[in-house]
Amino acid sequence: MRYEPAPLTRHLRVRQVRGHTVLEFRGEIDIAAAAEMVPHLDMATAEPDARVVIDLTRVEFFDCSGLRLLYRARHRTADGTGGLHLVCAHPLILRMLRITGLSRLLPPWPTLDDAMDAASEQPESASGPA
């Protein structure tokens, strides 16, 4: 039996997978949830060689506060030697990412395995999925 760590907040679980810190966003990501999550996101992206994956698979609602979290993570990892990858297959969230242009800066992968494979094979500056 495999045990997962308890969530840090009811909206965030952080775990280590294949040398990456996976931030699993959960439930409704709104302004209140984002306020709880910022310190944990900042901790995960503090080092210049941080290797981070943000997983939106378990998100039910996502507003501009969630977009701000993604922009924040992207900004904090952009100049480092690590990397940031995004997992998202939710059609409405994908649409928000395209409309805002964030999908060009942080290309979404459909599954965690796909994002992890991409992180292992490509430098962060390489493009995401076609």
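Residues numbered from 1 in each chain as written. Predicted model: local features only at pLDDT ≥ 70, side-chain atom pairs only at ≥ 80, totals over all residues. Heavy atoms only, no water.

Turning our eyes to something else, we now look at the side chain of aspartate 55. Among the secondary structure elements, aspartate 55 is positioned in strand S3 (residues 51-62). For the buried aspartate 55, which has no salt bridge, the nearest side chain bearing the opposite charge is arginine 15, at an N-O separation of 4.5 Å. A polar contact of 2.4 Å, which involves the side chain of aspartate 55, links it to the side chain of threonine 57. Setting aside its immediate chain neighbours within four residues, aspartate 55 contacts Arg15, Val22, Leu23, Glu24, Phe25, Val87 and Leu112. (Helix = DSSP H or I, 4+ residues; strand = E, 2+ residues; numbered from the N terminus. Buried < 20%, exposed > 50% of the residue type's maximum accessible area, 1.4 Å probe, protein only. Lys, Arg positive; Asp, Glu negative; His and termini not counted. Salt bridge = Lys/Arg side-chain N within 4 Å of Asp/Glu carboxyl O. Polar contact = N/O pair within 3.5 Å; in protein donor to acceptor, adjacent residues only side chain to side chain. Contact = heavy atoms within 4.5 Å.)

Turning to empty space enclosed by the protein, a few remarks are in order. To locate leftover empty space, one rolls a probe as large as a water molecule over the atoms. In this structure the tally under the stated criterion is two cavities of 30 Å³ or more. Roughly 30 Å³ of internal volume is contained in the second largest cavity. (1 Å grid on protein atoms, 1.4 Å probe; cavity = no way out; pocket = protein on both sides within 12 Å on 5 of 7 lines; lining within 4 Å. Points joined across faces, edges and corners; volume = space filled by probe spheres on them.)

So, about the sheet that holds strand S5 (residues 108-109). Pairing is mixed across the open sheet formed by five strands, whose spatial order is S1-S2-S3-S4-S5. Each edge of the open sheet carries a strand with a single partner, namely strand S1 (12-17) and S5. Examined bridge by bridge, S1 and strand S2 (residues 20-29) share six bridges and lie antiparallel to one another. Paired with leucine 12 across the strands is phenylalanine 25, a residue of S2. The strands touched by helix H3 (residues 91-100) within the sheet are S3, strand S4 (83-87) and S5, with S3 carrying the most contacts at an inclination of about 120°. (Pairing = 2+ DSSP bridges. Axes fitted to C-alpha atoms, helices over the stretch in contact; angles between N-to-C directions.)

Bringing the side chain of threonine 77 into the picture now. Along the chain, the position of threonine 77 falls in helix H2 (residues 64-77). The class of threonine 77 is buried, set by a relative accessible area of 7%. Beyond its immediate chain neighbours, meaning those up to four positions away, threonine 77 contacts Thr45 and Leu84.

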